[in-house]
Amino acid sequence: MTHIDFKAEVAARKEDLLADLFSLLKINSERDDSQATPETPFGPGPVAALQQFLSLAERDGYATKNVDNYAGHFTYGDDLPEDAEVLGIFAHMDVVPAGTGWDSNPYEPEIRDGKIYARGASDDKGPTMACYYGLKILKELNVPLTKKIRFIAGTDEESGWGDMDYYFAHVGLPEPDFGFSPDAEFPIINGEKGNITEYLHIAGDNTGTVHLHSFTGGLRENMVPESATAVISGDLADLKAKLEAFVSAHSDKNLRFETEATSDGQVTVVLHGRSAHGAMPEKGVNGATYLAKFLDEIGVVSPFTKIAGTILIEDHAGDKTGVAFEDPKMGALSMNAGVFNFDDASSDNTIALNFRYPQGTDSDAIYSVLAALEGVDAVTKSAHEHTPHYVPMDDELVSTLLSVYEKQTGLKGHEQIIGGGTFGRLLKRGVAFGAMFPGDIDTMHQANEFIPVDVLLRAAAIYAEAIYELAK
């Protein structure tokens with residue numbers, strides 16, 4: 001192959017890349033089950049983003065396939081022999097809910113100080129378009145390859161992966177032979193912990209001097225709750241003063257609150273913390289557990305607030321809960337208390353705990369510990385579970401991607417195992433590759449999510465060379 005200056009090729013396409021990315025970022029592609037139909041299985045937003053992505057591919061000369069609005073793909077190298085190996089690239093068009101705390105409209109992307117701000121900028125529309133342009137360069141330069149590239153975009157990665165279950169069952173094609181997902185960080189993610197959500201079911205007992213009517217917190221199981229809301233009544237003397245004292249006592253958490261009284265003597269309290277990715281709960285401040293702790297302190301007596309505000313608060317490794325476990329290679333289990341629902345009229349109130357667990361333990365072991373917690377009536381598991389995944393360093397997929405990363409950055413590559421779950425684990429020989437670089441600020445699943453423009457361009461150049469090296 002004639003030498004290609006991949007960085008220069010990306011720079012020449014910078015404005016087109018940004019324009020195409022912005023066309024995706026403007027689409028609110030949060031899952032919305034309230035608007036789900038047979039034609040929009042996860043709501044209209046994810047479908048709109050998928051269709052826009054496929055329209056870009058059609059514009060660039062690819063034949064696309066939309067599998068009933070669950071997922072879609074296009075293939076580069078259709079002219080190659082039928083038995084040619086297939087490199088799969090897995091991306092996703094859905095995003096987690098934007099939530100609150102943004103300095104700009106999360107669905108009106110803008111560039112400030114060299115950074116693109118929008119929900120999906122770093123997870124995963126930005127990296128997806130960087131990878132798309134990496135392949136676009138090879139196509140436009142007509143670089144000969146011996147393997148096909150199937151670029152697959154899903155619509156439910158942030159929830160239950162129902163998109164990929166449906167896609168593989170209905171696409172009518174064998175799985176790619178190997179592949180990667182541009183949905184994490186460099187130098188590589190060749191190991192991912194298991195992922196399961198387990199639900200604590202708790203009765204509505206409520207016997208204190210302050211009565212808890214309702215409690216809600218969290219948008220998704222894989223997000224640290226930015227805020228929580230409680231409706232209370234009873235002995236609420238000096239409530240604001242108590243809230244101010246509580247916030248002051250936890251000044252390192254930068255908590256803030258709001259209250260609103262109603263004519264029937266009830267008061268709504270909202271406590272704000274800071275959201276973060278559920279795979280790294282220690283990076284956030286769980287507004288729900290802190291609100292539960294506050295309620296405990298002012299007179300609420302309920303197993304719901306006791307569990308949330310005493311056991312779960314700051315228990316990111318599961319030490320107080322009793323599920324803590326660490327594997328020498330894959331590291332420690334992590335736990336995110338993600339969604340809270342309590343109604344005093346209900347006998348079945350729930351707290352959703354999302355676990356990222358290493359090899360050596362499993363969801364059954366976690367279940368048995370949770371079921372024995374005082375105040376817990378029952379425990380159930382989510383229908384969808386990922387077991388731990390690992391691709392060895394000596395696999396050609398891993399060694400090739402690390403070689404390209406080292407060549408373009410001058411940095412030494414190394415393996416990484418994370419708690420996050422990516423589409424890289426869909427294949428036995430599948431990994432996650434980029435687009436964050438070491439030292440980058442991770443804003444995934446947070447307010448003011450961004451990706452620096454220079455990171456986007458550097459990643460696109462790496463993707464171009466990586467696809468070439470894997471498929472040449």
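Quick notes on the rules
- Position numbers for residues start from 1 in each chain and track the written sequence from start to end.
- At least 70 in pLDDT is required for a residue's local features to be given in this predicted model, at least 80 for side-chain atom pairs to be given and counted, and no such filter applies to totals for whole chains, interfaces and linings, which use all residues.
- Side-chain calculation: all heavy atoms of the structure are included, whereas hydrogens and water are not.
- Strands here are runs of E lasting at least two residues and helices are runs of H or I lasting at least four, both read from the DSSP assignment and numbered beginning at the N terminus.
- Atoms counted for the radius of gyration: C-alpha only. Globule rule: 2.2 Å times residue count to the power 0.38.
- Exposure classes here rest on a 1.4 Å probe applied to the protein chains alone. A residue is buried below 20% of its type maximum, exposed above 50%, and partly exposed in between.
- Contact between two residues is taken to exist if any of their heavy atoms lie within 4.5 Å; hydrogens are not considered.
- Using the Shrake-Rupley algorithm and a 1.4 Å probe, accessible areas are obtained, with residue cover drawn only from the displayed protein chains.
- In this tally Asp and Glu are treated as negative and Lys and Arg as positive; neither His nor the chain ends contributes.
- To locate a charge, take NZ of a lysine, CZ of an arginine, CG of an aspartate or CD of a glutamate.
- Salt bridge, as used here, is a side-chain nitrogen of Lys or Arg placed within 4 Å of a carboxyl oxygen of Asp or Glu.
- Strand pairing is assigned whenever DSSP detects at least two bridges linking the two strands.
- Throughout, an axis means a line fitted to C-alpha atoms (over the contacting stretch in the case of helices), and angles, computed between N-to-C directions, take values from 0 to 180 degrees.
- In this description, one arc is meant: the one made by directions from the helix axis to the C-beta atoms.
- Polar contact is the term for a pair of N or O atoms within 3.5 Å; when the atoms are in protein, one must be able to donate a hydrogen and the other to accept it, and sequence-neighboring residues count only if both atoms are side-chain atoms.
- Only the six-membered ring of Trp is used, alongside the rings of Phe and Tyr, when aromatic pairs are assigned; centres must lie within 6.5 Å, and planes under 30 degrees apart are stacked while those over 60 apart are edge-to-face, with the rest tilted.
- Should the NZ of a Lys or the CZ of an Arg lie within 6 Å of a ring centre and within 35 degrees of the ring normal, that charge is described as sitting over the ring.
- Note: domain ranges come from an automatic or database domain assignment.
- Buried area is calculated as the accessible area (1.4 Å probe) missing from two parts once they are joined, with the contributions of both summed.

Caption draft 1: Inspection of the overall build of the protein at higher detail. Along the backbone of the protein there are eleven helices and 24 strands. By the compact-globule yardstick of 23 Å for 472 residues, the protein fits well, its C-alpha radius of gyration being 23 Å. Counting only C-alpha atoms, the protein reaches 75 × 45 × 45 Å along its principal axes. Relative to its 472 residues, the protein shows a buried fraction of 59%. Sequence separation of 24 or more characterises 77% of the internal contacts of the protein that already satisfy a separation of 6 or more. Just so you have it, the protein exposes about 18,300 Å², and 48% of that area is on carbon and sulfur atoms. Positive and negative side-chain charges of the protein, numbering 37 and 73 respectively, have mean locations separated by a distance of 6 Å.

Caption draft 2: Seen up close, the pattern of salt bridges. Within this structure, the stated rule accounts for 22 salt bridges. The salt bridge partner of Glu 140 is Arg 13, with a shortest N-O separation of 2.8 Å. Of this pair, Glu 140 sits in helix α4 (residues 125–140) while Arg 13 sits in the loop between α1 (6–12) and α2 (14–25); the two residues are 127 residues apart in sequence, bridging distant segments of the chain. The class for Glu 140 is partly exposed, based on a relative accessible area of 43%. Given the relative accessible area of 12%, Arg 13 is considered buried. A salt bridge links Asp 364 to Lys 381, with the nearest nitrogen and oxygen atoms 2.4 Å apart. Highlighted residues: Asp 364 in helix α9 (residues 363–371) and Lys 381 in strand β19 (residues 378–381), separated in sequence by 17 residues. With a relative accessible area of 51%, Asp 364 lands in the exposed category.

Caption draft 3: Region of the structure containing the sheet that holds strand β3 (residues 86–92). An order of β1-β2-β6-β3-β7-β22 is seen for the six strands of this open sheet, with the pairing classed as mixed. Whereas interior strands pair on both sides, the edge strands pair on one side only; in this sheet they are β1 (64–67) and β22 (430–432). The mean angle between the axes of side-by-side strands here comes to 20°, regardless of whether they run parallel or antiparallel. In terms of strand pairing, strand β2 (residues 71–76) meets strand β6 (residues 148–154) through six bridges, oriented antiparallel. Residue Gly 72 lies in a different strand from β6, and its bridge partner there is Ala 153.

Caption draft 4: Fine view of α9. What α9 keeps buried is the set Ser 363, Ile 366 and Leu 370. Across the axial projection of α9, the buried residues extend over an arc of 60°, all falling on one side. Lining the buried residues of α9 we find β10 (194–202), β18 (349–357) and β19. Measuring from the side-chain oxygen of the N-cap residue of α9 to the backbone nitrogen of Asp 364 gives 3.1 Å; that N-cap residue is Asp 362.

Caption draft 5: Spotlight on the packing of aromatic side chains. Applying the stated criterion across every chain yields a total of 28 aromatic pairs. Taking 5.3 Å as the distance between ring centres and 75° as the angle between the ring planes, the aromatic pair formed by Tyr 167 and Phe 168 counts as edge-to-face. Taking the relative accessible area as the measure of exposure, Tyr 167 reaches 0% and is therefore buried. Ring plane angle 25° and centroid distance 5.8 Å describe the contact between Phe 186 and Tyr 405, whose orientation is recorded as stacked. With Phe 186 in the loop between β8 (184–185) and β9 (191–192) and Tyr 405 in helix α10 (residues 396–409), this pair connects stretches of sequence that are 219 residues apart. Assigned by exposure class, Phe 186 and Tyr 405 land together as buried. Above the plane of the ring of Phe 437 lies Arg 458, whose end atom (NZ or CZ) is 3.8 Å from the centre.

Caption draft 6: Spatial organisation of the sheet that holds strand β24 (residues 450–452). Pairing in this open sheet of three strands is antiparallel, and the strands run β4-β5-β24 from one edge to the other. Of all strands in the sheet, those with a lone pairing partner are β4 (110–112) and β24, marking the two edges. If you compare each strand with its neighbour and ignore which way they point, the axes differ by 30° on average. When β4 meets strand β5 (residues 115–117), the two strands line up antiparallel, connected through three bridges. If you follow Glu 110 over to β5, its bridge partner there is Tyr 117. Packed onto the sheet, α2 meets β4 and β5 and runs at close to 25° relative to β5.

Caption draft 7: Expanded view of the domain arrangement of the protein. Parsing the protein into structural domains produces domain 1 (6–193 + 389–471) and domain 2 (195–386). Domain 1 and domain 2 are separated by 33 Å when their C-alpha centres are compared. With both chains or domains summed, domain 1 and domain 2 bury close to 1,900 Å², and 54% of this area falls on carbon and sulfur atoms. Looking at the side of domain 1 facing domain 2, the largest losses of area belong to Pro 97, Lys 193 and His 445, adding up to 33% of the total buried there. For the pair domain 1 and domain 2, the interface holds one salt bridge.

Caption draft 8: Up close: unusual backbone geometry. Following Asp 123, the chain continues into Asp 124 via a peptide bond in cis, with omega recorded as 5°. Among the structural elements, Asp 124 can be located in the loop between β5 and α4. In the segment running from Gly 434 into Ala 435, the intervening peptide bond is cis, with an omega of 15°. With respect to the helices and strands, the residue Ala 435 is situated in strand β23 (residues 435–436). One non-glycine residue, Asn 142, lies in positive phi territory at about 55°. Within the secondary structure, Asn 142 sits in the loop between α4 and β6. The class of Asn 142 is exposed, set by a relative accessible area of 61%. Residues other than glycine seldom take positive phi values, yet Asp 238 does so here, at roughly 55°.

Caption draft 9: Fine view of the environment of His 73. Structurally, the position occupied by His 73 is in strand β2. On the basis of relative accessible area, His 73 is assigned to the buried category, the value being 5%. Here the alpha-carbon distance between His 73 and Phe 90, two residues 17 residues apart in the chain, equals 9.2 Å. His 73 has contacts with Leu 54, Ala 63, Thr 64, Lys 65, Arg 150, Phe 151, Ile 152, Tyr 167, Val 171 and Leu 173, leaving out every residue within four places of it along the chain. Polar side-chain contacts of His 73 include one of 2.8 Å to the side chain of Tyr 167.

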